[in-house]
Amino acid sequence: MKSFIVFFICLFTFENLNSQLKYDKELSIGDRLPSEIWKKIPKQAGTKLVILDFWSTWCGSCIESFPEMGRLQKKFGNQLQIVLINSWETKSEIYKRLSSNKSKYANSFFSLRLPMLHLNNGSAVFKSIFKISSIPHHIWINADGVIQTSTYGYNATEEHIQAMLDGNKINMILKDDKIDNSGLLAGGILNSPSKLLPPVYYSGFMRYFNTAKGTTLNVDSLKSIFKITQYNNGVIALYRTAFKNSGPLRYILDLKDPAKYFEPQDPNLLDEWKRNYAFTYELQASLKERESWQQIMRIDVNRFFGTIFGIEGNIEKRKYKSLVLIKSKAGLLTTTRGAEDYTIKDNYFRIINYSFGVSVQMLKSALEDMKKNRPFLNETGIDDNLKVDMQLTGDFKNIENIRKQLYNYGLEIIEIEREIEVLVIKDKQIPQK
């Protein structure tokens, strides 16, 4: 309780110091912070680097990173000063939201021990000088108050901080929230120099650029065209989108080096991976082709990635020893018709008056393993929308454990060979001369 009180005294002090500051000019990399702002940011003798960590209570990943930010602060001592900035909420709003029992992030926040990390909340000055629309967002500032970079939270690593302290250049991806889907790509990848020459049909790829992941679809009925854009997806994700139909899509990788197509766990390598293996894809075509856009995309991904990576993807039928869910007895799947409820936690799954298909998806997620050539199939013939009650406990990946419990619901898992369709992404065969 004592540390909790100290926390809010420090929070209140820093918040008041900045609440009177006004500054309307937007700052960029290379700019120096105004002296009246720079002198108010907590620093210690010998501080060489300040990281402003922008966060809010609705950003779970921000709060979950606080223990690591605290560790980095302790590691580098006076050379580094991390300041948590919440320009969207006051201290009372933060307390109210995080002290709620519904917040699973409260422990990460309230376990902070000040003055290791300083906090600033509700201060309008930071809104005016840094145009930030998505968080986590970090601003790195050197000892002279000059902005060094604006980047993602995952770049706050020991290696990057040490390199900055040593005066070395770090090639981190710039996070500039002024560049977004509605800005840079408002006119699409292909922009005509004249309204008299509007693009009618095109498809293309861009390397990773600063915007969030996602997909947008724009339809212009007057011009009878549509445009679909998929932002910053990895190679495998783009293949899966191109080949996915209405049903589930399983995929396997017959590649010499499949690991390079997946995001690295080491955050020091993530920016370089994005530059090499993340792309934005866009297709604009006639509305007549809207229903067949994936067929066009399949040709595009195979042509493009075949050229730069020497790979290709196609749907193939392959036989696997599969885990198959079947109905062993009728009449055991029932519901109390109580209030709908759905709960899934570690080693616990429970639904009340909920769709049977939810159970199937949970079992598939737990038991299917295409790396081990083990698909999970539902052959019960039961309507996915049928409302049922079901409860499973224990290790969900333990087939025998699940089998015993499913027996009580008239269900059984058998192992049998089945031929199924899979997306196979493989190295292209070089034609023999």
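Above this text is the structure in question.
Cut-offs used in this document
Residues numbered from 1 in each chain as written. Predicted model: local features only at pLDDT ≥ 70, side-chain atom pairs only at ≥ 80, totals over all residues. Heavy atoms only, no water. Salt bridge = Lys/Arg side-chain N within 4 Å of Asp/Glu carboxyl O. Buried < 20%, exposed > 50% of the residue type's maximum accessible area, 1.4 Å probe, protein only. Helix = DSSP H or I, 4+ residues; strand = E, 2+ residues; numbered from the N terminus. Disulfide = S-S within 2.5 Å. Expected span 1.5 Å × (residues − 1). Pairing = 2+ DSSP bridges. Axes fitted to C-alpha atoms, helices over the stretch in contact; angles between N-to-C directions. Contact = heavy atoms within 4.5 Å. Left-handed = near helix turned anticlockwise from the far one by under 90°. Core = buried A, V, L, I, M, F, W, Y, C linked by side-chain atoms within 4.5 Å. Phe/Tyr/Trp six-rings, centres within 6.5 Å; stacked < 30°, edge-to-face > 60°.

Student: It is not clear to me how the pattern of salt bridges should be interpreted in this structure. Could you clarify?
Tutor: A pair can form between side chains of opposite charge whenever their charged atoms are brought close. Overall, the coordinates contain 16 salt bridges when judged by the stated rule. Between Glu-89 and Arg-97 there is a salt bridge, with the nearest N and O atoms lying 2.3 Å from each other. You can call Arg-97 partly exposed: its relative accessible area is 40%. The residue Arg-275 makes a salt bridge to Glu-272 at a minimum N-O spacing of 3.4 Å. Here Glu-272 and Arg-275 lie together in helix H10 (residues 267–277), a separation of three residues that amounts to about one turn. Relative accessible area serves as the criterion here: at 24%, Arg-275 is assigned to the partly exposed category. Ionic contacts of the salt-bridge type, sharing partners, join the residues Glu-68, Arg-71, Lys-75 and Glu-158 into one network.

Student: Just checking my understanding: could you explain the state of the cysteines for this structure?
Tutor: In a disulfide, the sulfur atoms of two cysteines are covalently bonded to one another. Enumeration according to the criterion identifies one disulfide in this entry. In this model Cys-59 forms its disulfide with Cys-62; the gap between the sulfur atoms is 2.1 Å. Every disulfide takes its handedness from the sign of the S-S torsion; for Cys-59 and Cys-62 that torsion is 80°, giving right-handed. Residue Cys-59 shares its accessibility class with Cys-62, and that shared class is buried.

Student: Please clarify how helix H12 (residues 356–367) should be interpreted in this entry.
Tutor: Think of an α-helix as 3.6 residues a turn; residues three or four steps apart then line up on the same face. With 12 residues, H12 ought to run about 16 Å at 1.5 Å a step, and its terminal C-alpha atoms sit 17 Å apart, in line with that. In terms of burial, H12 is a largely internal element, nine of the 12 residues being buried. Within H12, burial applies to Phe-356, Gly-357, Ser-359, Val-360, Met-362, Leu-363, Lys-364, Ala-366 and Leu-367.

Student: Is there a simple way to explain the sheet that holds strand E7 (residues 214–220) in this structure?
Tutor: In sheet architecture, strand pairing relies on hydrogen bonds along the backbone and comes in two forms, parallel and antiparallel. In space, the four strands of this open sheet follow the order E6-E10-E8-E7, with antiparallel pairing throughout. In the strand order of this sheet, the two ends are held by strand E6 (202–207) and E7, each with one partner. Adjacent strand axes in the sheet meet at a mean angle of 10°, parallel and antiparallel pairs treated alike. In the sheet, E7 pairs with strand E8 (residues 225–234) via seven bridges, with the strands oriented antiparallel. Across the sheet, residue Thr-216 finds its bridge partner in E8, namely Thr-229. Against the sheet, H10 touches E6, E8 and strand E10 (278–286), its axis set at about 30° to E10. Strands in contact with helix H11 (residues 293–308) are E6, E8 and E10; relative to E10, the strand with the most contacts, it is inclined by about 140°.

Student: Any chance you could explain the packing of helix H9 (residues 235–243) against H11 here in plain terms?
Tutor: If you want to describe how two helices pack, look at the angle between their axes and the distance between the axes. At their nearest, the axes of H9 and H11 sit 8 Å apart, and the two run at 150° to each other. In this structure, H9 crosses over H11, and the sense of that crossing is left-handed. From H9, Val-235, Leu-238, Tyr-239, Thr-241, Ala-242 and Phe-243 reach across to H11, where they touch Trp-293, Gln-294, Met-297, Arg-298, Val-301, Asn-302 and Phe-305.

Student: Would you explain the nonpolar core in this entry?
Tutor: General note: in soluble globular proteins, nonpolar side chains tend to be found buried as a group. Counting residues in hydrophobic clusters, the biggest one holds 31 residues, and the most contacted among them are Val-235, Tyr-239, Phe-305 and Ile-311. Only E8, H9, H10, E10, H11 and strand E16 (411–427) provide two or more residues apiece to this core. In terms of residues, this core owes the most to one element, H9, which gives six residues. Apart from the residues within four sequence positions on either side, Ile-311 is in contact with Val-235, Tyr-239, Leu-255, Tyr-261, Asn-302, Phe-305, Gly-306, Ile-425, Lys-426, Asp-427 and Lys-428.

Student: I'm lost on the sheet that holds strand E13 (residues 348–355) in this one. Help?
Tutor: With antiparallel pairing, three strands are arranged side by side in an open sheet as E12-E13-E15. The strands lining the two open edges of the sheet, one partner per strand, are strand E12 (341–345) and strand E15 (387–393). Here the average twist between neighbouring strands, direction ignored, is 10°. The sheet strands contacting H12 are E12, E13 and E15, and the helix crosses E13 at an angle near 155°.

Student: Just checking my understanding: could you explain helix H8 (residues 158–165) for this structure?
Tutor: Among the residues of H8, His-160, Ile-161, Ala-163, Met-164 and Leu-165 are the ones counted as buried. Where H8 is buried, its residues meet strand E1 (49–54), helix H4 (66–76), strand E2 (80–86), strand E4 (137–142), strand E5 (147–151) and H10.

Student: Please explain the environment of Leu-423 as it appears in this structure.
Tutor: Among the secondary structure elements, Leu-423 is positioned in strand E16. The exposure class of Leu-423 is buried, given its relative accessible area of 0%. Discounting residues that sit within four places of it in the chain, Leu-423 has contacts with Tyr-239, Arg-240, Phe-243, Leu-249, Arg-250, Tyr-251, Ile-252, Gly-313, Asn-314 and Ile-315.

Student: What should I look at first to understand the packing of aromatic side chains in this one?
Tutor: By convention here, two paired aromatic rings are described through the distance between centres and the angle between planes. Taken as a whole and judged by the stated rule, the model has 22 aromatic pairs. Each ring, one from Phe-54 and one from Phe-130, has its centre 6.0 Å from the other, and the planes form 75°; the classification is edge-to-face. With a gap of 76 residues between them, Phe-54 in strand E1 and Phe-130 in the loop between helix H7 (124–129) and E4 connect regions that are remote in the sequence. Neither Phe-54 nor Phe-130 differs from the other in exposure class; each is buried. Seen from their ring centres, Tyr-261 and Tyr-277 are 5.6 Å apart, and the 75° between their planes marks the pair as edge-to-face.

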